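Spelled out, the chains give:
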Amino acid sequence: MKQVCFVESPLQLLNAFEAEKCFDAEALFYFVRLSGDTSNDKQLLKLLEILTIKNYELLTLNVANKTISDYFKLLYYKYFFKVSADVELVF
């Protein structure tokens with residue numbers, strides 16, 4: 001079973017990483033949303049590097065210039081995890 005985590009800020013990433021280690025979550029996969037905010041995105045990418053997290057995917061959704069494709073992308077991930085029997089935990 002896979003466990004996934006959606007994060008949007010450096011603090012959320014750090015908390016998810018700590019929860020992974022604390023609860024021995026195996027096969028945790030991170031979805032990291034980049035918002036287009038330069039400072040936030042740089043911190044997220046640097047933290048991924050520092051924590052040596054390998055299982056992640058970057059999702060880009062610019063809060064200033066949202067397009068219909070951005071909404072479809074989010075709906076796809078929501079649908080994917082709703083119907084997937086392979087996902088045990090989402091946090």
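Structural data are supplied above this passage.
Our subject in this report is the structure included herewith. These numbers were taken from a predicted model, which means no experiment stands behind them. (Residues numbered from 1 in each chain as written. Predicted model: local features only at pLDDT ≥ 70, side-chain atom pairs only at ≥ 80, totals over all residues. Heavy atoms only, no water.)

**Notes on the packing of helix α1 (residues 10-22) against helix α2 (residues 38-50)**
Axis separation between α1 and α2 bottoms out at 9 Å; the angle between their running directions is 25°. It follows that α1 is roughly parallel to α2 by the angle criterion. On the side of α1, the interface is formed by P10, L13 and L14, while α2 contributes N40, Q43, L44, L47 and L48. Per-class residue counts for the contact of α1 with α2 are 6 nonpolar, 2 polar and no charged. (Axes fitted to C-alpha atoms, helices over the stretch in contact; angles between N-to-C directions. Helix = DSSP H or I, 4+ residues; strand = E, 2+ residues; numbered from the N terminus. Parallel < 35°, antiparallel > 145°, perpendicular 65-115°, else oblique. Contact = heavy atoms within 4.5 Å. Nonpolar A, V, L, I, M, F, W, Y, C, P; charged D, E, K, R; others polar.)

**What to know about the environment of A27**
The residue A27 is located in the loop between α1 and β2 (28-34) in this model. Look at A27 and you get partly exposed, because its relative accessible area is 47%. (Buried < 20%, exposed > 50% of the residue type's maximum accessible area, 1.4 Å probe, protein only.)

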